[in-house]
Amino acid sequence: MGEFVTSIAETAMIGLASYTYKEVCLARGVTDELAKLKETFSDVKKVVLDAEEKQRNDPRLTEWLGKLKDVCYDIDDVLDEFAFTELQMQVMNNRGSVLTLKVRTFFSRWNPLVFNIKMAHRIKGIREELDRVAAEKALFPLEERAGDWQGVHVKRETHSFVQVYDVIGRDDDKKQIIIHLLNLRLKDPGVRDTVSVISILGLGGMGKTTLAKLVYNDKRVVKNFELRMWVYVSDHFDIKRLVRDIITSATNQNCGDDESLEQLQKKLQNVLTDKHFLLVLDDVWDKSEIGVTISKWLELKALLNVGANESKIIVTTRNESVTKVMESVYVHPLKGLRHEDCKSLFLQRAFARRGEEERYPQLVEIGDDIAEKCGGVPLAVTTLGSMLCLKREQHAWSEVRDSDIWKLKQEHNDISPALKLSYDALPPYLKPCFAFCSIFPKDYIFRSTDLVPLWMAQGFLQSSTGSQEPEEMGLDYIRQICSRSLFQMHEDSIHSIVFEMHHLVHDLAISVAQVECSSENFRPPSTSISHKKVRHVSISRDDLCMKEVRVPDYLLQLKKVWTILFPNPGDTVITNKPLLKTCFKRFKYLRVLDLSGWSLEKLPSSIGNLSHLRYLDLSRNPSLQKLPDSICELQNLQTLLLSGCENLKGLPKDIGSLINLRKLVFTTSRMDLPEEIKSLTSLRHFEVHSCSNLESLGEVVQSLTNLRILVISNCGNLESLPQLSPSLKALVISDCEKLDLMSLGEGIEGLLSFSISKMSNLEALPHWLQDSKPSLQSIRIENCVHLKVLPEWLQSLMKLQQLVIEGCPELLALPEGMHHLFALKELKINDCSKLGESCRRKEGQDWSKITRVAKVTIDGENIASSDD
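Reference entry: report on the structure contained in this document. (Residues numbered from 1 in each chain as written. Predicted model: local features only at pLDDT ≥ 70, side-chain atom pairs only at ≥ 80, totals over all residues. Heavy atoms only, no water.)

1. Notes on the sheet that holds strand β6 (residues 446-447)
Next, step 1: Taken in spatial order, the three strands make up an open sheet running β6-β8-β7, and their pairing is antiparallel. Two strands bound the open sheet, and with one partner strand each, they are β6 and β7 (488-492).
Next, step 2: Its contacts with the sheet place helix α21 (residues 470-483) against β7 and β8 (497-500), and it is angled at close to 40° to β8. (Pairing = 2+ DSSP bridges. Helix = DSSP H or I, 4+ residues; strand = E, 2+ residues; numbered from the N terminus. Contact = heavy atoms within 4.5 Å. Axes fitted to C-alpha atoms, helices over the stretch in contact; angles between N-to-C directions.)

2. Quick look at the pattern of salt bridges
Next, step 1: A complete count under the given rule lists 42 salt bridges for this structure.
Next, step 2: Here K54 and D50 are joined by a salt bridge, their closest N and O atoms 2.9 Å apart. Taken together, the residues span about one helical turn, with K54 and D50 both in helix α3 (residues 48-54) at a distance of four residues.
Next, step 3: Between E310 and K312 there is a salt bridge; the shortest N-O distance is 3.4 Å.
Next, step 4: In this structure E310 comes out as partly exposed when scored by relative accessible area, which is 22%.
Next, step 5: Take K312: its relative accessible area is 1%, and that puts it in the buried class.
Next, step 6: Three or more residues are tied together by salt bridges with common partners; here these are D74, D76, D77, R535, K560 and R591. (Salt bridge = Lys/Arg side-chain N within 4 Å of Asp/Glu carboxyl O. Buried < 20%, exposed > 50% of the residue type's maximum accessible area, 1.4 Å probe, protein only.)

3. Topic: the sheet that holds strand β4 (residues 311-317)
Backbone-to-backbone hydrogen bonds pair the strands of a sheet. The strands run either parallel or antiparallel.
Next, step 1: If you trace the five strands from one edge of the open sheet to the other, you get β2-β3-β4-β1-β5, paired in parallel fashion. Looking at which strands have only one partner, the edges of the open sheet turn out to be β2 (227-234) and β5 (330-333). Taking the axes of each pair of neighbouring strands and ignoring which way they run, one obtains an average angle of 15° across the sheet.
Next, step 2: Bridge count between β2 and strand β3 (residues 277-284): seven bridges; the pairing is parallel. The residue bridging S234 from the neighbouring strand is V284, located in β3.
Next, step 3: The strands touched by helix α10 (residues 239-251) within the sheet are β2 and β3, with β2 carrying the most contacts at an inclination of about 145°.
Next, step 4: Contacts between helix α12 (residues 294-304) and the sheet are confined to β1 (195-201), β3 and β4, with β3 contributing the most and set at about 160° to the helix.

As structure tokens, then:
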């Protein structure tokens, strides 16, 4: 319960600092209580970072932080009610003349006297609880660390020694590193740098340090380099400390603590000048301010450039950004071990004496399963194997195999602390985003278009300047976590990202989220933890459908739930109406509600009582014909998903009251789009799916002047596109067989991403894409079976970074000017037999056009990189 308190506390503090609501007219008693609450909370917040770090050695602190977190959530809830009432008043003042009588009557029911009395009572209760938490602070020796947002770290040291026979399955990785280490030459002989960087990139616990040790101690490496040095960097990239440690490693002599940086620099240059050296910088991080930055790296690099030509630096890191900052000439992505290697390593650790495993064939069989569960992570294999080393009872091994490894007792150097390093180093704003992912099942394929709105609904995406769109911020957050190897990216298409989580990383997310994020289906969390702490619930659809139609006792004990999700929808239909009723009546603080595939014929009007609701998924309810007018009372609503509601006749007339609605996914049986959509002035993301009768988008899309993403799919009768808004950044068109793309007169100058798929009548790309030359970064063409040629003007897209072509069997060749696309980083060709053959490495006639491209993939095989 003591995780990511800093982020939640900061959100609560921001809310308390801005509680002046002009429209609500708070009574004096309310403002006084808020002021007292803010003063106490501000004092407590100063020690939160210190408490988060010290809780590892004091379980009482974890309990104290859990209490504080509960108060933070309560503060957030009450401030959200103030903000919601303020929004309602704004709607009434700004749109009162156009609202229907029914909606105006709802707004007029608000009684300021009753509201102030109720809120004063609630705030007083929260303040009294906070006072109790604040009083307990004195029980702990906590230091104020206000403003230190760099996260918590666990001290760790490394060395260059390794037992070679302890290492299994890294021969090929070692070979590749050594080849680059001994044979790599600088690309430009005129460059003054005498030293180049090779990076080993991978997840915590994957064995980066071990691999670096193998290379460092290899006989060929020892012979090749006149001087070898090993320095453990960790999260604090301090130049003076690093210089001192490099000197110590090179000379085996300690430097004086009183020596200035100037003195140390001169000493370092004396040690390195004209020496052919190898330096290992182990475990480099990119944490802002204290991590490696471009300026810090250039400063250190200047001191190291006095060595002989072809000196090398090996860097191990979890962060892709580090490899870029340090200008790595070769990056070796370290992947998981093969299963056979995992099994061998496990048996080596579990059976201390060679050959002993032959006496325990049943244990070997169970060990095989355990090794499989470890997902190729050597540290996980080593941990579990060592734990079972002294146990020969079959039930002991079976318990490990059949249970969640994160519920096993963990020692100091086990897998939990190893992976926890990566989590602890995350900036505070990323931690709740990462933990939230625990409510999805293992092997879940995440899509940013689904996940980012969920993060946004929880308030995780807060811009300090207000200049960045939350959707852009969410994409940036995903890329940051991917660069730290906690997410494994599959695809990045500028406006959307597809990724997954390694099993062990998913377990880590469960560990840090603990009881707040419950994905236990109907199995309650540990009885030692109060149910009131559960905020996010995900339930397996399959498991739900197997239960009898009632509300489980576990859910009836929950009170302050923010999220109810049913991930992995598939074709499963839910008909548990008692559960639906409970969601509406009991969970009044809901921010996310997933009702997709619930076979709804009618949405209860009580939906309007969920004033905190920001995300509502009504997808795949084909019998739903009408939305209640009360949905227009949800001024906080940001995302409304109506895909697969093909019998929906339209939208309520007052839908424009949803002044915060940013994403709408829509299906209709009509021939045109409802005019009411025009009034959704905050809409950023609009999707139209499976509208079989839709013939025209009319003026509806044109009127959405703030639209950023437009997706049109499976609209078989749609014939033309209207002139699109210049604000549009991404356009996706799929399976619209009658659509004449050439009908659009002008393109969009600011378009960043264009995707087209399943357009069987498409023979050439639309000419208006040329209007996006100054901005276009990504083009995806998929399953356009009659596309025969790419236009010559493609070479003029000077900012194009990604070109994906899949399922285009008639496409013969790339345009002649492809070599002019200097920004192109990725070319992917799949299921295009003729084009694929033409682009084959060195042999294909188009190979010379793409030799500059950093990543070329043909039918899943990576055939080129820019340093070829």
